[in-house]
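Chain by chain, the residues run as shown.
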Amino acid sequence: MDGVGIDQLKQEIARLKRERDAVILAHNYQLPEVQDVADFIGDSLALSQKAASTDARVIVFCGVHFMAETASIICPDKRVLIPDLEAGCSLASTITVEQLRAWKNEHPDAVTVCYINTSADVKAECDYCCTSSNAVKVVKSIPEDRPVLFLPDMFLGAYVAEVTKRKNIYIWPGECHVHAGIRPSLVLEMLKTYRDAEFLIHPECGCTTSMVYYFGNGNGNGNGCVVNGNGHDNGISCNVKFLSTEGMMRYAKQSSAKRLIVATEVGILYRMKKENPDKEFIPISSDAVCKYMKLITLEKVYRSLRDMVYEVKVPEDVAVKARRAIERMLAIT
Ligand code: 13P
Ligand code: SF4
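Residues numbered from 1 in each chain as written. Chains lettered and ligands numbered in written order. Predicted model: local features only at pLDDT ≥ 70, side-chain atom pairs only at ≥ 80, totals over all residues. Heavy atoms only, no water.

Caption draft 1: A look at the sheet that holds strand β3 (residues 58-62). Strand order in the open sheet made by the four strands is β2-β1-β3-β4, with parallel pairing throughout. Each edge of the sheet is formed by a strand with only one pairing partner; in this case those strands are β2 (40-42) and β4 (79-81). Geometrically, the sheet is characterised by an average inter-axis angle of 20 degrees between neighbouring strands, direction not taken into account. Contacts from helix α3 (residues 44-53) reach β1 (22-27), β2 and β3 within the one sheet, and its direction differs from that of β2 by about 145 degrees. (Pairing = 2+ DSSP bridges. Helix = DSSP H or I, 4+ residues; strand = E, 2+ residues; numbered from the N terminus. Axes fitted to C-alpha atoms, helices over the stretch in contact; angles between N-to-C directions. Contact = heavy atoms within 4.5 Å.)

In structure tokens, the structure reads:
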């Protein structure tokens with residue numbers, strides 16, 4: 001389809017989608033034109049739930065590889081396609097299954113909780129899966145006397161430990177290259193500049209723990225990981241919320257604030273602006289770009305449907321074990 005305009009490409013995608021009995025699921029960080037052709041846009045949790053409930057025969061997953069794997073684990077009878085196999089995740093790559101097994105051997109009594117940003121092999125070795133919107137709830141559901149191994153994001157892990165006040169939580173030192181760069185100094189600078197704004201912060205950010213310390217009272221309700229608070233001991237008064245990407249979308253809609261600062265990957269701003277034209281959204285950093293998410297282009301979505309590529313299939317023995325961890329999470333949320 002070289003030289004074909006965007007509108008024609010969109011029409012071809014719609015035609016192929018009907019022909020293949022396919023549904024297009026897109027993460028909130030996807031390119032605007034990819035979001036435009038999606039049947040459903042959401043965060044990791046919402047996308048897994050959507051995959052679980054769709055009647056379509058084929059799922060074209062516009063997101064990164066672990067997300068497509070999750071869909072394949074949940075829906076073994078469906079054909080799950082990812083438009084580019086190189087769409088990985090720097091955070092998911094921080095832990096291998098061998099490293100996890102060695103860590104578990106050091107803590108034989110521990111309950112393992114893995115963030116959804118992990119490979120299927122790693123999920124298969126864990127007791128629970130979680131996403132940024134339910135990590136607090138999942139950890140709170142584990143008996144107090146059981147140690148918890150939380151992996152692989154150290155900022156989300158520290159956030160969960162702070163909110164739950166749990167002392168027996170061991171955290172894997174992984175990070176996402178996009179969110180780790182959102183440091184406390186950057187947020188404090190923006191807080192001083194935009195005193196009337198509300199701040200929406202993804203718990204994967206490098207600023208999370210200090211921001212909870214500055215502004216949080218640690219009373220996250222586990223439903224969207226919300227911690228509200230007013231600044232203390234630093235002369236700054238503001239409204240800070242810690243939310244998953246879909247939590248941010250929901251919050252942006254109901255907020256009475258006219259200006260919101262968004263601390264996560266910049267792709268989310270397209271949908272936020274589209275759904276809330278009367279509000280101003282400012283990215284905390286225009287450098288917060290996930291190169292893996294951006295590998296999925298409209299052209300590749302078209303090719304994916306045309307050639308039915310690239311299929312993501314998790315071996316059954318791994319899928320059975322990984323499904324257990326995901327289903328335990330879905331049962332809690
Ligand atoms: P969400 O589940 O909040 O969408 O986050 C996924 C992710 O990869 C964040 O970088
Ligand atoms: Fe992974 Fe970070 Fe990209 Fe999210 S933003 S998919 S955590 S690399």
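Having seen the model, we can carry on.
Caption draft 2: Layout of the pairing of β3. Of all five residues making up β3, five are buried, and the element is well covered by its neighbours. Of the two faces of β3, the one carrying Val58, Val60 and Cys62 and the one carrying Ile59 and Phe61 are both buried. As paired strands, β1 and β3 are joined by five bridges and run parallel to one another. Residue pairing for β3: Ala22 is matched across the bridge by Val58. One ladder, built from three bridges, connects β3 with β4; its direction is parallel. From the neighbouring strand, Val60 faces β4, where its bridge partner is Leu81. Where the polypeptide runs from β3 across helix α4 (residues 65-74) and back to β4, its parallel neighbour, the crossover connection is right-handed. (Buried < 20%, exposed > 50% of the residue type's maximum accessible area, 1.4 Å probe, protein only. Right-handed = clockwise from strand over helix to strand, strands pointing away.)

Caption draft 3: Structural detail: the environment of Met67. You can see Met67 is positioned in helix α4. Placed 204 residues apart in sequence, Met67 and Arg271 show a C-alpha to C-alpha distance of 20 Å.

Caption draft 4: Examining the site of ligand 2 more closely. Cys89, Asn117, Cys176, Glu204 and Cys290 are the nearest of the 13 residues found near ligand 2. Of the residues contributing to the shell around ligand 2, the split by class is eight nonpolar, four polar and one charged. (Near = heavy atom within 4 Å. Nonpolar A, V, L, I, M, F, W, Y, C, P; charged D, E, K, R; others polar.)

Caption draft 5: Here's a closer look at the side chain of Arg166. Here Arg166 shows up in the loop between α8 (154-164) and β8 (169-171). Buried within the structure, Arg166 lacks any salt-bridge partner; Glu144 is the closest side chain of opposite charge, at an N-O distance of 4.5 Å. With sequence-adjacent residues up to four places away left out, Arg166 is seen in contact with Val139, Ile142, Pro143, Glu144, Arg146, Val148 and Ala161. (Lys, Arg positive; Asp, Glu negative; His and termini not counted. Salt bridge = Lys/Arg side-chain N within 4 Å of Asp/Glu carboxyl O.)

Caption draft 6: Seen up close, the state of the cysteines. Within this structure, the stated rule accounts for zero disulfides. With no disulfide of its own, Cys114 lies closest to Cys126 among cysteine sulfurs, the gap being 3.9 Å. Take Cys114: its relative accessible area is 0%, and that puts it in the buried class. (Disulfide = S-S within 2.5 Å.)

Caption draft 7: Just helix α11 (residues 245-254), in detail. Most of α11 is tucked away: seven of the ten residues are buried. Of the residues making up α11, those classed as buried are Thr245, Glu246, Gly247, Met248, Met249, Tyr251 and Ala252.

Caption draft 8: Highlighting the site of ligand 1. Lining the immediate environment of ligand 1, one finds His27, Tyr29, Asp43, Ser44, Tyr115, Asn117, Ser132, His179, His202, Glu204, Ser244 and Thr245. A distance of 3.4 Å separates an oxygen atom of ligand 1 from a polar atom in the side chain of Tyr29. One of the side-chain N or O atoms of Thr245 is found 2.6 Å from an oxygen atom in ligand 1. In isolation ligand 1 exposes 300 Å². Once the protein is present, 96% of that is buried. Of the residues belonging to the shell around ligand 1, the class tally is two nonpolar, eight polar and two charged. (Polar contact = N/O pair within 3.5 Å; in protein donor to acceptor, adjacent residues only side chain to side chain. Areas by Shrake-Rupley, 256 points an atom, 1.4 Å probe, with all protein chains shown as cover.)

Caption draft 9: Quick peek at the pattern of salt bridges. Scanning the entire structure with this criterion turns up 19 salt bridges. Its salt-bridge partner being Glu125, residue Arg101 comes within 3.0 Å of it at the nearest N-O pair. Of this pair, Arg101 sits in helix α5 (residues 97-106) while Glu125 sits in the loop between α6 (120-124) and β6 (128-130), and the two are 24 residues apart along the sequence. Given the relative accessible area of 41%, Arg101 is considered partly exposed. Glu125 gets classed as buried once you look at its relative accessible area, which sits at 15%.

Caption draft 10: Quick look at the packing of α3 against α4. In the contact formed by α3 and α4, the axes pass within 9 Å of each other and the chain directions differ by 35 degrees. In the crossing of α3 with α4, the sense of the turn from one axis to the other is right-handed. Across the interface between the two elements, Ser44, Ser48, Ala51 and Ala52 of α3 pack against Met67, Thr70, Ala71 and Ile74 of α4. Among the residues making up the contact of α3 with α4, the classes are represented as five nonpolar, three polar and no charged. (Left-handed = near helix turned anticlockwise from the far one by under 90°.)

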